[in-house]
Amino acid sequence: MPRTDVLIIGAGLAGQRAALAAASAGASVAIVSKVHPVRSHSVAAAGGINAALDPGDSWESHAFDTIKGSDYLGDQHAIEIMCRAAPDEILWLEHAGVTFHRGEGGRLGTRAFGGASAARTYYVADITGQAILHVLYEQLMKHHAVVDRYEEWFTTELLLDDDGRCSGAIARDIRSGHLDLFDAKTTILASGGAGQVFKPTTNALICTGDGIAQAYRIGASLMDMEMVQYHPTTLAENGFLITEGARGEGAQLFNAAGERFMERYAPNKLELASRDVVSRAEQTEIDEGRGFPDGTIALDITKVPRKRTLEALREIVNIGRDFAGVDITREPIHIKPGMHYMMGGVKADVDGRTDVPGLYAVGEVACLSVHGGNRLGANSLLDTLIFGRRAGEHAAEHALGRRAPRAPAAKLRDAQAEIDAILAREPSAGSRRIAALKDELGTTMNEHVAVYRDADGLATAHAIVRRLKEQAPRAAIDDRGTVFNQDVLAAFELSYMLDVAEAIVVAAQERRESRGAQFRTDYPRRDDDAWLHHITISRNGDGEPSTGSAPVTITRWQPQERTY
Amino acid sequence: MADYTLRVRRFDPDDHQGPYWQEFAVALEPHRSLLEALLAVKGEQDGSLALRCSCRAAICGSCGVRAGGRARLACNTHLERVADADGAIVVEPMGNMPVIKDLVVDMDAVHWKKIHRVTPWLLPEAPEPEREHLVPHAAMVDVTQTMACIQCGACVSDCLSLEVDPEFVGPAASAKAYRFVGDPRDGAQEQRLRDLAEDEHGIYDCTHCFSCIDACPKGVAPMDQIMRLRRIAGVDHEIVDHNNGERHEEAFATLIHDYGLLHEAELLPRSYGGNSWFGKFHPAAGLELVESLPAIAKAVLRGKVKPGQALRGHRLARGDLDAVHAIYDAVEAGAPSERERVAARDGGGQS
């Protein structure tokens with residue numbers, strides 16, 4: 001039974017940054033991840049990380065771009081903290097060894113990104129997330145004496161003590177099937193997003209919203225759950241991401257008539273408008289019959305000099321070749337908007353604290369809210385690192401003065417009984433396979449809870465999610481073993497995804513206006529008088545989601561009409 | 001749609017039966033990935049089939065398997081590329097690492113242990129600058145080739161030297177080492193190189209078989225990185241290791257220059273005794289010769305070596321030998337050291 005000051009769940013950028021910060025603040029740290037840390041989905045962040053580091057740039061400009069990008073739903077005090085801290089964080093990363101590409105005189109180089117009024121995106125080719133994640137892992141290996149790593153351990157639930165404080169978690173060693181109880185004075189959730197709720201998605205198979213559902217189940221509020229980002233350039237066939245860096249480097253979008261249609265939707269920023277704006281423009285072109293026959297848009301990367309593409313966009317050269325059979329340096333590639341990111345998540349303050357004492361949340365699992373209705377490209381890596389560090393420091397400091405909790409062994413027995421019940425499931429008439437249930441969920445969400453939404457579609461989606469929730473506990477299991485039993489994990493993940501899906505749908509139904517990523521065709525206007533606030537979701541006494549609201553913090557930037 | 005038969009090597013430590021083969025039929029388009037086929041099996045037929053996978057797009061490095069005769073990522077492998085004429089695809093766990101279950105191998109026991117071996121974190125030269133380090137763009141682009149490694153283990157799986165010497169530091173860890181040796185911000189390049197040169201399981205343990213380059217899905221070319229480490233160690237830092245790795249390379253190059261083809265009988269004595277005709281008279285060469293006698297005898301008995309020719313060396317036609325010399329001249333004239341090469345490509349930090 002491991003006991004630590006700070007328990008961190010999830011080992012992507014947010015989790016690893018939190019671990020390093022907590023350890024350097026003197027706390028004992030355990031970091032638990034259901035995959036090896038370098039497999040975490042932060043690895044897929046391609047384009048870069050934003051910071052107003054250049055003397056000609058300013059954090060205020062970065063903050064304003066972020067706030068405008070959020071469609072004024074972002075909390076401005078949190079955004080200020082993030083944008084002010086960004087330059088120092090970039091330098092910290094550079095000193096730790098991140099191989100940022102360079103510009104003039106060997107200084108850090110930048111590229112342009114969507115929704116930004118300056119080129120302030122620092123990058124490593126188009127593997128920025130991978131490069132940072134691997135360098136943080138280098139640092140975790142360096143600090144192995146003070147950070148205990150539990151790699152390939154699957155967290156099944158968060159624990160509450162009698163005072164309603166989070167006292168740690170229960171996790172299963174995937175390699176042995178051994179279930180253990182982690183006592184922790186403070187717990188930081190950093191377990192990422194929930195893209196798998198949608199199909200297709202750019203997100204990895206591991207992004208199943210575990211942390212969102214686990215926090216929700218012990219009473220934490222969720223916030224901005226209706227805000228689901230559709231990325232403008234995902235591969236038509238399978239939803240894989242083509243980085244925004246491509247457009248940052250000069251790639252252009254065309255409809256089937258060869259028209260550069262962004263001229264009509266965002267005459268100033270064109271392809272580099274906010275993601276919600278570009279995705280809606282593409283979807284409109286497609287819906288109104290100006291897309292290609294397979295329901296796609298052409299992204300023309302041949303506008304970028306070939307040498308530059310091969311150096312700075314090497315990953316999407318591979319993706320084009322391997323997954324679309326296209327040489328992007330010679331011909332356009334077909335794309336469409338695809339589910340990419342959850343702006344919403346577990347409601348947290350600027351130190352990562354959630355509504356549940358002792359429980360923190362950072363990164364995509366959390367909602368602070370620095371992204372509001374729509375996240376700017378290259379702000380997510382920044383979010384994970386800034387608030388990962390802050391939560392790590394705060395949790396460490398907070399833990400040092402406390403007595404260690406000790407969860408009763410009964411909790412572990414109950415958790416084992418839950419797993420035994422899954423293992424004992426017998427196929428019965430009408431029991432479906434987990435993969436089939438997951439497939440129906442993803443397809444449903446992508447049909448009804450996508451770029452354009454309306455009351456009828458959301459009601460349909462809600463009904464299907466409710467039915468899937470009833471079917472899930474009877475889903476068939478093939479693997480009865482202990483070692484690497486992925487069936488058991490899939491059963492847990494499916495139940496988490498269904499909780500997350502329901503929260504998304506309920507929040508989207510509640511917000512009867514159009515703002516950021518939420519566009520309601522039945523309420524097509526932004527309505528600041530009625531809806532300039534966050535929608536929260538929490539679990540009521542019957543275990544059902546109930547909606548509430550939280551104010552949006554406005555410091556100095558009053559809402560304006562949003563044009564690009 | 002096409003019909004494929006996945007022939008999967010399975011193993012479940014719970015059932016105490018040892019490994020076995022199982023066939024699964026799947027129907028998918030030929031350009032679909034092996035991962036999609038395996039996930040279709042898992043989702044529709046047998047959820048107990050264990051494999052690691054996550055991103056599906058060759059970024060996370062989870063889904064290394066052996067298929068079509070070598071290690072590769074399942075996610076970026078098209079079915080048609082690994083199927084035989086009957087649509088059969090043999091899928092096995094990666095090699096050189098213990099199997100945990102089915103297609104899941106113990107990467108900690110081998111791959112990550114070796115990564116740890118090379119002190120895999122930056123050892124910056126103190127003091128830290130107030131802002132960023134000023135380094136050439138080309139140097140960062142250069143080390144990005146090794147940063148592009150996704151730690152999938154495919155190179156480790158297919159490394160032939162590792163099969164013979166499990167202690168060999170191996171291709172992935174060597175590439176990781178280059179990521180620091182090639183990084184101008186690192187202050188411990190000489191120690192790193194000396195460490196890897198002096199280790200008898202270090203950089204001179206590679207036999208240039210190219211398997212790792214073939215297996216790598218990300219163009220990291222681990223063997224190239226090993227060769228660069230050797231060159232920087234030998235040429236830039238003049239590290240002459242006690243394993244005779246550096247001398248062996250020197251002797252090899254000299255013999256090819258002088259004879260056009262390898263003069264086997266001279267290679268060993270020169271590697272141990274010094275890189276000249278007199279090398280064979282050095283006591284170390286004599287000792288090595290005595291120790292190698294059984295191997296030499298075996299090679300002669302099996303007809304792999306003809307004693308006369310081995311002692312005489314190959315004789316190339318004068319014109320051919322001139323052509324070999326021309327290659328040497330061109331390479332030596334045009335080949336700056338690794339560091340010069342990187343600096344030159346950068347154009348003085350401006351790009």
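This write-up is about the structure you can find in this document. The shown structure was predicted, so the numbers you read here are calculated from the model rather than taken from an experiment.

Topic: the sheet that holds strand E3 (residues 49-50) of chain A
Residues and elements named next belong to chain A.
Part 1 of the argument: Reading across from one edge, E3-E5-E4 is the order of the 3 strands in this open sheet, with antiparallel pairing throughout. For this open sheet the edge positions go to E3 and strand E4 (110-111), each flanked by a neighbour on one side alone.
Part 2 of the argument: Sheet topology places E3 next to strand E5 (residues 121-122); 2 bridges connect them, and they run antiparallel. Opposite Ile49, over in E5, you have Tyr122 as the bridge partner.

Some words on the pairing of strand E1 (residues 3-9) of chain A
Residues and elements named next belong to chain A.
Part 1 of the argument: Burial analysis of E1 places 6 of its 7 residues in the buried class, which makes it a mostly covered element.
Part 2 of the argument: For E1 and strand E9 (residues 179-189), the ladder comprises 6 bridges, and the chain directions are parallel. Directly across from Thr4, in E9, lies its bridge partner Ala184.
Part 3 of the argument: Alignment of E1 against strand E2 (residues 29-33), held across 4 bridges, turns out to be parallel. Across the sheet, Val6 pairs through a bridge with Val29, a residue of E2.

Considering the interface of chain A and chain B
Part 1 of the argument: Counting residues at the interface gives 66 residues for chain A, matched by 70 residues for chain B.
Part 2 of the argument: If you sort the residues of chain A by the area they bury against chain B, Arg39, His95 and Arg102 of chain A come out on top, with a joint share of 13%.
Part 3 of the argument: Across the contact surface, chain A and chain B share 10 salt bridges.
Part 4 of the argument: As a salt-bridge pair, Asp479 of chain A and Lys101 of chain B come within 2.6 Å of each other at their nearest N and O atoms.
Part 5 of the argument: Applying the counting rule to chain A against chain B returns 45 residue pairs in polar contact (both at pLDDT 80 or more).

Thoughts on the pattern of salt bridges
Part 1 of the argument: Counting across every chain of the model gives 75 salt bridges over all chains.
Part 2 of the argument: Residues Arg433 of chain A and Asp478 of chain A are paired through a salt bridge, measuring 2.7 Å at the closest nitrogen-oxygen approach. Separated by 45 residues along the polypeptide, Arg433 of chain A in the loop between helix H12 (409-423) and helix H13 (434-448) and Asp478 of chain A in the loop between helix H14 (455-471) and helix H15 (486-510) bring together distant segments of the chain.
Part 3 of the argument: In this structure Arg433 of chain A comes out as partly exposed when scored by relative accessible area, which is 23%.
Part 4 of the argument: The class for Asp478 of chain A is partly exposed, based on a relative accessible area of 29%.
Part 5 of the argument: Linking Arg117 of chain B and Asp199 of chain B is a salt bridge whose minimum nitrogen-to-oxygen distance equals 2.8 Å. Here Asp199 of chain B lies in the loop between helix H8 (189-198) and helix H9 (211-215) and Arg117 of chain B lies in helix H3 (residues 108-117), a separation of 82 residues in the sequence.

A few points about the nonpolar core
Part 1 of the argument: Counting 143 residues, the largest nonpolar core has Ile49 and Ile301 of chain A as the members making the most contacts within it.
Part 2 of the argument: Looking at this core, the element that brings in the most residues is helix H3 (residues 76-96) of chain A, giving 10 residues.
Part 3 of the argument: Composition of this core by domain shows at least three residues from each of domain 1 (2-104) and domain 2 (108-242) of chain B.
Part 4 of the argument: Setting aside chain neighbours within four positions, we find Ile301 of chain A in contact with Ile242, Ala246, Ala251, Thr309, Leu313, Ile316, Ile328 and Ile333 of chain A.
Part 5 of the argument: Counting residues in hydrophobic clusters, the runner-up holds 86 residues, among them Phe154, Val228 and Met342 of chain A together with Ile100 of chain B.

So, the environment of Ala366 of chain A
Part 1 of the argument: Structurally, Ala366 of chain A is set in strand E17 (residues 366-367).
Part 2 of the argument: Non-local contacts of Ala366 of chain A, meaning those with residues more than four positions away in its chain, are made with Met343, Gly344, Gly345, Val346 and Ala361 of chain A.

What to know about the packing of aromatic side chains
All names here are of chain A.
Part 1 of the argument: Summed over all chains, the structure comprises 12 aromatic pairs over all chains.
Part 2 of the argument: Judged by centre distance (4.9 Å) and plane angle (85°), the rings of Tyr150 and Phe182 are edge-to-face. In this pair, Tyr150 sits in strand E6 (residues 147-151) while Phe182 sits in strand E9, placing the two residues 32 residues apart along the sequence.
Part 3 of the argument: Given the relative accessible area of 18%, Tyr150 is considered buried.
Part 4 of the argument: Given the relative accessible area of 2%, Phe182 is considered buried.
Part 5 of the argument: Their ring planes at 85° and their centres at 6.2 Å tell us that Phe198 and Tyr230 sit as a pair that is edge-to-face. One end of the pair, Phe198, is in the loop between E9 and helix H5 (210-217); the other, Tyr230, is in strand E11 (residues 228-235), and 32 residues separate them in sequence.

Thresholds, definitions, all that
- Residues numbered from 1 in each chain as written.
- Chains lettered and ligands numbered in written order.
- Predicted model: local features only at pLDDT ≥ 70, side-chain atom pairs only at ≥ 80, totals over all residues.
- Heavy atoms only, no water.
- Pairing = 2+ DSSP bridges.
- Helix = DSSP H or I, 4+ residues; strand = E, 2+ residues; numbered from the N terminus.
- Buried < 20%, exposed > 50% of the residue type's maximum accessible area, 1.4 Å probe, protein only.
- Contact = heavy atoms within 4.5 Å.
- Buried area = accessible area lost by both parts, 1.4 Å probe.
- Salt bridge = Lys/Arg side-chain N within 4 Å of Asp/Glu carboxyl O.
- Polar contact = N/O pair within 3.5 Å; in protein donor to acceptor, adjacent residues only side chain to side chain.
- Core = buried A, V, L, I, M, F, W, Y, C linked by side-chain atoms within 4.5 Å.
- Domains from an automatic or database assignment.
- Phe/Tyr/Trp six-rings, centres within 6.5 Å; stacked < 30°, edge-to-face > 60°.

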